Amino acid sequence: MDRFDALQAFARVVESGSFTKAALTLHQSRTTVTQLVQQLEARLRVKLLHRTTRRVQVTPDGAAYYERVVRLLADLDDADASVSTAAAAPRGRLRVDVPSPLARLVLIPALPAFHAQYPDILLHMGVSDRPVDMVGDNVDCVVRGGALTNPALVARHVGDLQLRVYAAPSYLQRAGTPEHPQALEGPHHRTVGFLWARTGQPLPFEMRRGTEHVRAQGHDICAVDDGNAYLAAGLAGLGVLWLPDYMARPHVATGELVPLLQDWTLEPMPLYVAYPPQRHVSAKVRVFIEWVAGLMALHAPIQQTRRVPRVDPLP
């Protein structure tokens, strides 16, 4: 048994939750991966994995062993990088998951420059606003907005999304222009709701003007769980929207959206790149995080005067 191959196979099975998926990522047969893990268990005399017909689950002993294996493999990668060109030229598959509007409007248009700088990185980009099982889906990192809810993840604060209130001209012609956030709670106005993944419900927005503080929810005529669909609903005149500047800016320029309640402010939404806890971060993940941070410095810079929830710096 090659111990390195066995450790790598075991780690990949834990991360993907499947011998088949692990075999695909390692470019080996499922039989080979299965044999490697079985040989490792036999050598340790410990059951590392529970196997069922639907999924592979790690045992308590396997979970503790996995944490040490991940650190060991990371140390080996760093050792290789220290005597090769890997640190200067990151390579390999990088699997990320990002919000759909951010992908469409910011990240994907900038990808040609990223690939020109890092031609050996194969980027697999999942585009969604839903929670991701980073270990089970073998995702290297995610980009998400809002407060962090998983204390097990390490995160880098890369931007602040400034939110404002907008509506389409067709909506304003029909319902009129609200002069106060509380007008959105009245019978004449409708809002488009965004279904947050953590709750499955639209959340109220806190708005301030001087000493006034209002929590505005509105009456949703339509609620969606995708950022692009949320914007499309507002452009169709279905209701009032709360949008980050980078999403609204091109549509304000063309007259498709009209800013509302401009003397009121909303708390910026922090944007994070998060990844599973590891002692070291691979070169390809590190350069992706720095690339996203550079883009956000242009599109949604961090506001230094605000307090930000827990942020763990890159090790």
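Summary of the structure given here. (Residues numbered from 1 in each chain as written. Predicted model: local features only at pLDDT ≥ 70, side-chain atom pairs only at ≥ 80, totals over all residues. Heavy atoms only, no water.)

1. Quick notes on the pattern of salt bridges
Alright, step 1. Summed over the entire model, instances satisfying the criterion amount to nine salt bridges.
Alright, step 2. For glutamate 41, the salt bridge is made with arginine 51, and the minimal N-O distance between the two is 3.0 Å. Residue glutamate 41 is located in helix α3 (residues 30-44), and its partner arginine 51 is located in strand β1 (residues 49-51); the two are separated by ten residues in the primary sequence.
Alright, step 3. Relative accessible area serves as the criterion here: at 32%, arginine 51 is assigned to the partly exposed category.
Alright, step 4. Each of Arg209, Glu212 and Asp263 takes part in salt bridges that share partners, so that together they form one network. (Salt bridge = Lys/Arg side-chain N within 4 Å of Asp/Glu carboxyl O. Helix = DSSP H or I, 4+ residues; strand = E, 2+ residues; numbered from the N terminus. Buried < 20%, exposed > 50% of the residue type's maximum accessible area, 1.4 Å probe, protein only.)

2. So, the sheet that holds strand β14 (residues 265-266)
Alright, step 1. Reading across the sheet, the three strands line up as β10-β9-β14 and stay open at both edges, with antiparallel pairing between neighbours. The open sheet terminates on both sides in strands that have one partner only, identified here as β10 (212-216) and β14.
Alright, step 2. Relative to β10, strand β9 (residues 205-209) runs antiparallel, the two sharing five bridges. The residue bridging arginine 208 from the neighbouring strand is histidine 213, located in β10. (Pairing = 2+ DSSP bridges.)

3. Things to note about the pairing of strand β7 (residues 163-167)
Alright, step 1. Counting buried positions along β7 gives four out of five residues, so the element sits mostly inside the fold.
Alright, step 2. Note that β7 and strand β13 (residues 258-260) share three bridges and pair antiparallel. Counterpart to alanine 167 in the pairing with β13 is valine 258.

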